Amino acid sequence: MIITRVETFAIPPRWLLCRVETDEGIVGWGEPVVEGRAATVRTAVHELSELLIGKEALRIEDHWQIMTKGSFYRGGPVLSSAVAGLDQALWDIAGKALGVPVHVLLGGPVRDRVRAYSWVGGDEPDRLGEAVAAQVEAGFTAVKMNASGRMTRLATVRDIDAVVGRAAAAREALGPDRDFAVDFHGRFTAANARKVLPHLAPFNPLFAEEPVLPEYTHLLGDLVACSPVPIATGERLYSRTDVLPALRAGVAVLQPDLSHAGGISEVRRIASLAETFDTPIAPHCPLGPVSLAASLQIAFATPNFLIQEQSIGIHYNDGAELLDYVVDREVFRFHDGHLARPTAPGLGIEVDERAVRAADGRAPDWRGPIWRHPDGSFAEW
């Protein structure tokens with residue numbers, strides 16, 4: 001079965017899909033994207049496709065090795081995301097060719113449903129209590145929210161009170177039997193994180209995510225040692241090599257992204273590495289249907305899986321939703337905050353190709369916000 005064509009589609013709200021076609025008519029889908037840099041990744045996908053067209057589709061590992069190691073310059077979010085989408089598509093093809101879900105090819109299911117969480121509050125979070133209550137009403141048992149919007153380099157009493165107030169509102173709405181996670185989003189300095197984390201402990205967050213930027217991973221060990229709240233990170237780490245220092249630092253939860261960290265092939269290895277540190281994974285996924293489908297295949301075959309992020313209703317989804325691009329929406333129907341194990345071959349979803357082709361080119365040129373402090377200095381977002 002030979003790869004004959006690779007296509008890409010930039011679709012609203014900010015996603016990029018790829019379609020890999022074979023001479024036997026089997027098609028695989030992937031989601032290679034860096035949010036805010038979709039056009040750049042699209043170019044990288046087409047450059048990498050030169051290594052695939054005319055080759056045997058089922059040589060997935062060989063293709064992954066060549067795409068990641070076959071050039072002098074390698075790694076980084078753009079190239080690893082391009083590889084991720086193509087890798088997802090190849091696994092989709094393999095599952096469809098053999099008539100089984102990808103998680104069967106990864107060793108078979110270790111669970112029959114996975115817990116998921118929803119986002120609340122937006123980039124500059126407000127009205128948390130109402131938003132959390134709505135998710136509880138929808139049946140979710142966990143939510144995630146940003147700890148803050150833009151943050152000064154050393155938090156004031158007002159800053160800390162605002163973060164703590166949001167945590168208190170979430171806990172009140174959730175009660176003692178549900179969870180919330182707090183995403184610091186790399187907006188905090190290490191000093192700020194050390195100041196704030198102890199104040200969150202009384203509300204028992206599931207974890208505090210990205211307390212510092214990934215370039216400061218060398219500071220994580222000190223934060224882990226002094227934090228009463230479990231620390232999570234990983235969405236901006238793209239390989240086993242990248243995640244190893246975070247694991248050695250003692251993070252409680254690792255969050256590889258199936259559309260950034262080399263796809264299914266690399267994330268299954270990242271999960272195995274994390275297992276040797278007794279660390280669960282919670283795949284990062286604020287993206288579209290193919291990325292979520294790939295994440296679920298990993299989730300169902302991974303013993304040290306914790307919880308799954310998903311983007312339905314997330315504040316970034318302006319102009320389109322995840323369900324707009326799948327034929328059968330039942331695959332992504334939640335049951336008491338959980339997703340059932342998909343049983344269809346490949347990634348377990350049928351992409352609505354007509355909808356994708358119609359949407360191609362209508363994606364806005366999405367960029368992350370540029371935030372500044374009152375004195376004009378740049379603020380991390």
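Residues numbered from 1 in each chain as written. Predicted model: local features only at pLDDT ≥ 70, side-chain atom pairs only at ≥ 80, totals over all residues. Heavy atoms only, no water.

An unreviewed UniProt entry lists the protein chain under the name Galactonate dehydratase, with Streptomyces bingchenggensis given as the organism.

**Brief notes about the overall build of the protein chain**
Check the secondary structure of the protein chain and you find twelve helices and 14 strands. For 381 residues, the compact-globule estimate of 2.2 N^0.38 gives 21 Å, and the C-alpha radius of gyration of the protein chain, at 20 Å, lies within 12% of that figure. Taken over the C-alpha atoms alone, the protein chain extends approximately 65 × 45 × 45 Å along its principal axes. For the protein chain, buried positions account for 56% of its 381 residues. The contacts of the protein chain with a sequence gap of at least 6 include a subset with a gap of at least 24, amounting to 71%. Taken as a whole, the protein chain presents about 15300 Å² of accessible surface, with 51% of it coming from carbon and sulfur. The average position of the 37 basic charges and that of the 49 acidic charges among the side chains of the protein chain differ by 2 Å. (Helix = DSSP H or I, 4+ residues; strand = E, 2+ residues; numbered from the N terminus. Rg over C-alpha atoms; globule rule 2.2 N^0.38 Å. Buried < 20%, exposed > 50% of the residue type's maximum accessible area, 1.4 Å probe, protein only. Contact = heavy atoms within 4.5 Å. Areas by Shrake-Rupley, 256 points an atom, 1.4 Å probe, with all protein chains shown as cover. Lys, Arg positive; Asp, Glu negative; His and termini not counted. Charge placed at Lys NZ, Arg CZ, Asp CG, Glu CD.)

**Some words on the side chain of Thr279**
Counting through the fold element by element, Thr279 comes out in the loop between α10 (263-275) and α11 (289-301). Using a relative accessible area of 3% as the deciding quantity, one classes Thr279 as buried. Excluding residues within four positions of it along the chain, Thr279 makes contact with Leu247, Val251, Ala252, Val253, Leu254, Ala274 and Asn304.

**So, the packing of aromatic side chains**
Applying the stated rule across the entire model yields five aromatic pairs. Relative to Trp29, the ring of Phe9 has its centre 5.8 Å away and its plane inclined at 35°; by these criteria the two rings are tilted. In this pair, Phe9 is assigned in strand β1 (residues 3-11) and Trp29 in strand β3 (residues 27-30), connecting sequence segments 20 residues apart. Like Trp29, Phe9 is buried. Centre to centre, the rings of Phe72 and Tyr73 are 4.9 Å apart; their planes meet at 85°, and the pair counts as edge-to-face. Of the two residues, Phe72 and Tyr73, neither departs from the other in class, the shared state being exposed. (Phe/Tyr/Trp six-rings, centres within 6.5 Å; stacked < 30°, edge-to-face > 60°.)

**Observations regarding the packing of helix α2 (residues 60-69) against helix α3 (residues 76-98)**
α3 packs onto α2 with a crossing angle of 170° between their chain directions and a minimal axis gap of 10 Å. Taken together, the axes of α2 and α3 lie roughly antiparallel to each other. For the pair α2 and α3, contact is made by Ile60, His63, Trp64, Met67 and Thr68 and by Val83, Leu86, Asp87, Leu90, Trp91 and Ala94, respectively. For the contact of α2 with α3, the per-class residue count stands at eight nonpolar, two polar and one charged. (Axes fitted to C-alpha atoms, helices over the stretch in contact; angles between N-to-C directions. Parallel < 35°, antiparallel > 145°, perpendicular 65-115°, else oblique. Nonpolar A, V, L, I, M, F, W, Y, C, P; charged D, E, K, R; others polar.)

**Remarks on the domain arrangement of the protein chain**
Domain annotation for the protein chain reports domain 1 (2-103) and domain 2 (107-346). Contact with domain 1, which involves 32 residues of that partner, is made by 41 residues of domain 2. Here domain 1 and domain 2 share an interface that buries about 2700 Å² over both sides, 58% of which is from carbon and sulfur atoms. Three residues, Trp15, Glu31 and His103, lead the burial of domain 1 against domain 2; their summed loss comes to 27% of the area buried on that side. (Domains from an automatic or database assignment. Buried area = accessible area lost by both parts, 1.4 Å probe.)

**A closer look at the pairing of β1**
Moving residue by residue along a regular strand, the side chains alternate between the two faces of the sheet. Taking burial as the measure, the nine residues of β1 include seven buried ones, the bulk of the element. Across eight bridges, the pairing between β1 and strand β2 (residues 15-22) is antiparallel. Among the inter-strand pairings, Val6 is bridged to a residue of β2, identified as Val20. Hairpin connection from β1 to β2: three residues lie between these consecutive antiparallel strands. (Pairing = 2+ DSSP bridges.)

**Thoughts on the sheet that holds β3**
An order of β1-β2-β3 is seen for the three strands of this open sheet, with the pairing classed as antiparallel. Here the strands that pair on one side only, and so sit at the sheet edges, are β1 and β3. The mean inter-strand angle of the sheet, taken between neighbouring strand axes irrespective of direction, is 20°. Most of the contacts of helix α1 (residues 38-49) go to β1, to which it runs at about 180°, and overall it touches β1 and β2. Contacts from α3 reach β1, β2 and β3, with the element oriented near 145° to β3.

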